[in-house]
Amino acid sequence: MIKKEIRHLINIEELSVKEINDLIKVANDIINNPNKYKDKCNNKILATLFFEPSTRTRLSFESAMLRLGGNVLGFSEASSSSVSKGESLADTIKVVGGYADIIAMRHPKEGSSLVACMNSTIPIINAGDGGHNHPTQTLTDLLTIQREKKRLDNLTIGLCGDLKFGRTVHSLITAMARYKNIKFILISPKELELPEYVKKEVLEKNNIEYVETNNIEEYMSELDILYMTRVQKERFFNEADYIRLKDYYILDTNKLKLAKKDLCIMHPLPRVNEISPDVDNDERAKYFLQAKYGVYIRMALILKLLEVN
Ligand code: NCD
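Being a predicted model, the structure only gives us computed values, none of them experimental. (Residues numbered from 1 in each chain as written. Predicted model: local features only at pLDDT ≥ 70, side-chain atom pairs only at ≥ 80, totals over all residues. Heavy atoms only, no water.)

Visitor: An account of the pairing of strand 2 (residues 71–75) is requested, with residue identities and associated values reported.
Guide: Pairing of strand 1 (residues 45–50) with strand 2 involves 5 bridges; the strand directions are parallel. Residue pairing in the sheet places Leu46 in a bridge with Val72 of strand 2. Read from strand 1 through helix 2 (residues 56–67) to strand 2, the crossover connection turns out right-handed. (Pairing = 2+ DSSP bridges. Helix = DSSP H or I, 4+ residues; strand = E, 2+ residues; numbered from the N terminus. Right-handed = clockwise from strand over helix to strand, strands pointing away.)

Visitor: Give a description of the site of the ligand that names residues and reports values.
Guide: The local shell around the ligand consists of Thr57, Arg106, His134, Gln137, Arg167, Thr168, Arg230, Gln232, Pro268, Leu269 and Pro270. A distance of 2.8 Å is found between an oxygen atom of the ligand and a side-chain nitrogen or oxygen belonging to Arg167. Separating a nitrogen atom of the ligand from a backbone N or O atom of Leu269 is a distance of 3.0 Å. Expressed as a share of its isolated accessible area of 310 Å², the protein-covered part of the ligand is 94%. A class-by-class count of the residues in the shell around the ligand yields 3 nonpolar, 5 polar and 3 charged. (Near = heavy atom within 4 Å. Polar contact = N/O pair within 3.5 Å; in protein donor to acceptor, adjacent residues only side chain to side chain. Areas by Shrake-Rupley, 256 points an atom, 1.4 Å probe, with all protein chains shown as cover. Nonpolar A, V, L, I, M, F, W, Y, C, P; charged D, E, K, R; others polar.)

Visitor: Give a description of the domain arrangement of the chain that names residues and reports values.
Guide: Here the chain is partitioned into domain 1 (12–133 + 292–305) and domain 2 (135–291). Centre-to-centre separation of domain 1 and domain 2, based on C-alpha positions: 24 Å. Taken together, the contact pairs 35 residues of domain 1 with 30 residues of domain 2. Summed over both sides, the interface of domain 1 with domain 2 buries roughly 2,700 Å², with 58% coming from carbon and sulfur. For domain 1, the biggest contributors to the area lost against domain 2 are Ile12, Arg56 and Tyr293; these three give 29% of the whole. On inspection of domain 1 and its partner domain 2, the count reaches 2 salt bridges. (Domains from an automatic or database assignment. Contact = heavy atoms within 4.5 Å. Buried area = accessible area lost by both parts, 1.4 Å probe. Salt bridge = Lys/Arg side-chain N within 4 Å of Asp/Glu carboxyl O.)

Visitor: An account of unusual backbone geometry is needed here, citing residue identities and associated values.
Guide: The linkage connecting Leu269 with the following residue, Pro270, adopts the cis geometry, with an omega of 5°. Looking at the element boundaries, Pro270 is found in the loop between strand 9 (264–266) and helix 9 (287–305). Positive phi, normally seen in glycine, also occurs at Asn43, with a value near 70°. Relative to the helices and strands, Asn43 is located in the loop between helix 1 (17–32) and strand 1. For Asn181, which is not glycine, the phi torsion reads 55° and is therefore positive.

Visitor: How would you explain the sheet that holds strand 2 if you had to name every residue and give the values?
Guide: Overall, parallel pairing links the 4 strands, which are arranged 2-1-3-4 in an open sheet. Two strands in the sheet have a free side with no partner beyond their single neighbour: strand 2 and strand 4 (124–129). The mean inter-strand angle of the sheet, taken between neighbouring strand axes irrespective of direction, is 15°. Where strand 1 meets strand 3 (residues 102–107), 5 bridges bridge the pair, whose relative direction is parallel. Considered in strand 3, the bridge of Leu46 is made with Ile102. (Axes fitted to C-alpha atoms, helices over the stretch in contact; angles between N-to-C directions.)

Take a look at the structure:
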């Protein structure tokens, strides 16, 4: 049963632009004044329920709650939970509601977080549901863009790699489509193009300018942001297809020769081969900083959903 007052975060669209901008403001304040926030969640517990692998998302959620003075519990793989005994997601969620104050959940099935919130008495944060959405990665990305570019409008954004299965891409496009004068360059092989539903329901519906290409260098000189992504091995039905496509793009210093001096290179990580390590020394590479920002924006989100001031 959904309790009226509880606020969840399943899809980035559930947050208004004002709410997103307010979360960014709080995250920036946390970065500048961490001590102000260190006891805000004393006696609060975050449960991290991860039915799918994660490094950054789970650890940054845990770090966020610990830095707010709260506590964490949870599991990092389905095999260590009672799901392996056949328990339903609904039952797991009902039980954890008695142990924690807020849940961050990752699950391989699209729509699983929606099922979770329908059975939850405490806020649920979608930390990734299959190839669908990943709203807190998007909040991380928006904080990074705002801090590095000093704006969230008037941007040409290149998204490169697995645009089909990459949930971070779907959520980021949905969020950025609400800002002014955004243009997307969608760079992928034909087989990994952005799904039709995102093109129709987000880009076309909102009259957002976009082009599709399979050539990473074609629009390089126009980009303000280049968002690289990993080919999502775990969502392929056929290993031969994965092997054929996995190294389709490898960003290296040579390919960056045409890029703007203030390009912001992002990646939700983990990286496999799609960015050559020599790019890490380029000052335009922001992906490790981006991972760090994930903690602050998640702190801001936890405060908001728990209604802590
Ligand atoms: C992403 C994810 O899980 O979708 N990782 C993350 O949360 N930072 C990207 C990916 O796994 O490729």
